[in-house]
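Spelled out from the first residue to the last, the chains are:
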Amino acid sequence: AVTRFSKEGKPLGFHKITKGPNKGKGTRKSERAQQQQSHRQMLYLAMRISMESGIRIGSLRKMRWNHISMNPTLSQEDQKSWCLVEVPPENTKTGHWYEVAAPIARHLEQLKRITQGSGNELLFTNQKSGAPLSDRIWGDGLKEMLVESGLATWSEDDSNNCRKIDVKSGKTLSWYTFRHTWITFALQRGVPIATVCNNCDTSIQYVQEHYFHYDAKRATGALATGRKGFRTAKDKD
């Protein structure tokens, strides 16, 4: 059966009929294929949520619908994009409670349409069993995204039972990579390092050691903040 975008080029959601009275009569939509398609859509949204929030993959996999709330300080228009995500201590690597502000409201709306999730349910569940998505689904889904985005190719010994890829850059890419992307982009946009750290539950020391490279030549704008019209006591004299 071909139930994913594969080397054969068949679109996800269809498989060749090999058994039964309709054998050899083309393709049909199967329940299993529909579930796999839903899982693929969910994992794509998981990638977008991770890359636009900085949340750890372990915390994302434990996120429930009742962890999400609106931000009443925003305008109605901004609330269409931005929301708050509570990350309880049992869902964190550090054991700290924290809250994330992220422009992921539309991704969550799309996810809810796929899963019909609500209340205390996990965001990402197997659409057949209702259980949390397995490690294999998370792992295979990431590999498929990397291949389809042109960042990797399928290895010669790849198979449906054991998905293997070769990353073109030679770097190790994982679900954690999307968190790294968020931190890097936030710093490049000029988000204060303390805000970055508090929004993704990490220390300033860690970000300074791994992401932040101070450049005095480009720091004038930030250092000049609030100085316009300001005179020291000596200037006044």
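Please refer to the structure higher up on the page.
Residues numbered from 1 in each chain as written. Predicted model: local features only at pLDDT ≥ 70, side-chain atom pairs only at ≥ 80, totals over all residues. Heavy atoms only, no water.

J.: Tell me about the environment of Arg136, and name the residues and values.
T.: When you line up the elements, Arg136 lands in helix H5 (residues 135-148). Residue class for Arg136 comes out partly exposed when judged on its relative accessible area of 45%. As a C-alpha pair, Arg136 and Cys162 span 26 residues in sequence and 9.3 Å in three-dimensional space. Beyond its immediate chain neighbours, meaning those up to four positions away, Arg136 contacts Gly141, Asn160 and Asn161. (Helix = DSSP H or I, 4+ residues; strand = E, 2+ residues; numbered from the N terminus. Buried < 20%, exposed > 50% of the residue type's maximum accessible area, 1.4 Å probe, protein only. Contact = heavy atoms within 4.5 Å.)

J.: Outline unusual backbone geometry, supporting the account with residue identities and numerical values.
T.: Here the phi dihedral of Gln116 falls at roughly 60°; this positive angle occurs in a residue that is not glycine. Note that Gln116 resides in the loop between helix H4 (105-115) and H5. Residue class for Gln116 comes out exposed when judged on its relative accessible area of 60%. Even without being a glycine, Asp201 presents a positive backbone phi close to 60°. In this fold, Asp201 is placed in the loop between helix H7 (193-200) and helix H8 (204-210). With a relative accessible area of 9%, Asp201 lands in the buried category.

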